[in-house]
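Here are the chains, one letter per residue:
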Amino acid sequence: MSRPMNGVSRIGTPPPAAYACDPAASRGRLHREPESETRTPFQRDRDRILHSTAFRRLKHKTQVFVYHEGDHYRTRLTHSLEVAQIARTIARTLGLNEDLAETLALAHDLGHPPFGHAGEEALDEVMAAHGGFDHNAQTLRVLTGLERRYAAFDGLNLTWETLEGTVKHNGPLTGPHANPARGPVHQTLADYVAGHDLELSTFAGAEAQVAAVADDIAYNNHDVDDGLRAGLFDLADLGDVPLAGPALAEVQAAYPALERSRTVHETIRRLISLMIADVVAESRSRLDAAAPRSADAVRRNGRALVGMSADVAEGDRALKEFLFANMYRHDKVNEMSDRGRRVVAGIFAEYLAKPESLPEEWRGSARGSGPAELPRLVCDFIAGMTDRYALSEHRRLFGSE
């Protein structure tokens, strides 16, 4: 029999924990539908996300590097798949609902615009007088309205648990436990919960908390990989970085003659394993101490019950700081980011001034929109663009990038 590695791997699947979200006890969908005979409600949510147009577009949306910079850099799509793999591992080990954790991981970036955080900043700036832009709120817009595939309703009509977890995976948005740095609730969220309460003042279920920490693990580690691949920093620069430096030293001591590419992969692999093992151990400790007897008890708890230990969280912050200084603010990345901002701001201004410039399927909606609604419609259209489509539209409208 195989031995568990780092206290995480197990043969088989543990029984569901009392605090796991139970698909049989789901709070249901906004629009009632017959249940599937072959899939649970959460499996059905996952499949709807996988088949959505918004999910397919993630393959050409920037993570850090614009799509044409290289074939091997992460995109929003590959990032989401990596988050889903990590989330499944943690959820399964903790006895949580693996399908819901995977669903939330796959959905969490659907609202991101082209050109990564640069595109988000540009949209927020041009929308400042019209309610601003928030990628989390935009994800809700996609899931509840902008995806138009079904005859009976707009959106994907996902379960309450999936919508709640998508909106609150990073914690409560109102009330005493909300992070004040996030600012007020976006109007999109406020409007939606007025008719379909997602309980913004509580924590999300444990599966959503898993998806959030899996996101953190995935993007830190794959950004190290992509930064090394792009030559923005070198392996030697990781030597003094917490978590990464010790993992690299361990690999180099065990395999002193290993080629660079394998050294990088082995280092990243060990970093991910270390972080997952830490999350599992820390989360078990928190869950044991809180002893929640239901998913709702997790929501009502005064703190997140899934997360990293203090030591690993501090190392994770140091790794973020390293990436911020050496990657996200690198001249090469800044140049791409500035270009993305110009493209987004330029096409927004042109569409707003000349709605007839929009593609045919959006013109009808634009004609039916008043001055107050038109900016949000234009924002929705741009937010759904891939990097390459935004660049193509800019060339069509202005003759250049």
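Everything here concerns the structure above.
Residues numbered from 1 in each chain as written. Predicted model: local features only at pLDDT ≥ 70, side-chain atom pairs only at ≥ 80, totals over all residues. Heavy atoms only, no water.

Caption draft 1: Here's a closer look at the packing of helix 9 (residues 206-230) against helix 13 (residues 310-328). Relative to each other, helix 9 and helix 13 sit at 40°, their axes nearing to 11 Å. With respect to each other, helix 9 and helix 13 are oriented oblique. The crossing of helix 9 and helix 13 is left-handed. For the pair formed by helix 9 and helix 13, the contact residues are Asp216, Tyr219, Asn220, Asp223, Val224, Asp226 and Gly227 on the first element and Asp316, Leu319, Lys320, Leu323, Met327 and Tyr328 on the second. Looking at side-chain class alone, the contact of helix 9 with helix 13 contains six nonpolar, two polar and five charged residues. (Axes fitted to C-alpha atoms, helices over the stretch in contact; angles between N-to-C directions. Helix = DSSP H or I, 4+ residues; strand = E, 2+ residues; numbered from the N terminus. Parallel < 35°, antiparallel > 145°, perpendicular 65-115°, else oblique. Left-handed = near helix turned anticlockwise from the far one by under 90°. Contact = heavy atoms within 4.5 Å. Nonpolar A, V, L, I, M, F, W, Y, C, P; charged D, E, K, R; others polar.)

Caption draft 2: Molecular detail of the pattern of salt bridges. All chains considered together, the criterion is met by 31 salt bridges. For Arg46, the salt bridge goes to Asp47, with nearest N and O atoms at 3.1 Å. In terms of burial, Arg46 and Asp47 fall into one category: buried. Among the ionic pairs, Arg141 bridges to Asp380, the shortest N-O distance being 2.7 Å. Placement of the pair is Arg141 in helix 6 (residues 135-146) and Asp380 in helix 16 (residues 374-383), with a sequence separation of 239 residues. Under the relative-accessibility criterion, Asp380 is labelled buried at 8%. Taken together, the salt bridges that share partners define one network made up of Arg39, Arg46, Asp47, Arg88, Arg92, Glu98, Asp99 and Glu102. (Salt bridge = Lys/Arg side-chain N within 4 Å of Asp/Glu carboxyl O. Buried < 20%, exposed > 50% of the residue type's maximum accessible area, 1.4 Å probe, protein only.)

Caption draft 3: How the structure looks around unusual backbone geometry. A positive phi angle is found at Leu243, which is not glycine, with a value near 70°. For Leu243, the position within the fold is in the loop between helix 9 and helix 10 (244-254). Leu243 gets classed as buried once you look at its relative accessible area, which sits at 15%. Residues other than glycine seldom take positive phi values, yet Ala291 does so here, at roughly 50°. The residue Ala291 is located in the loop between helix 11 (260-290) and helix 12 (295-300) in this model. Among the residues examined, Ala291 registers a relative accessible area of 46% and is labelled partly exposed.

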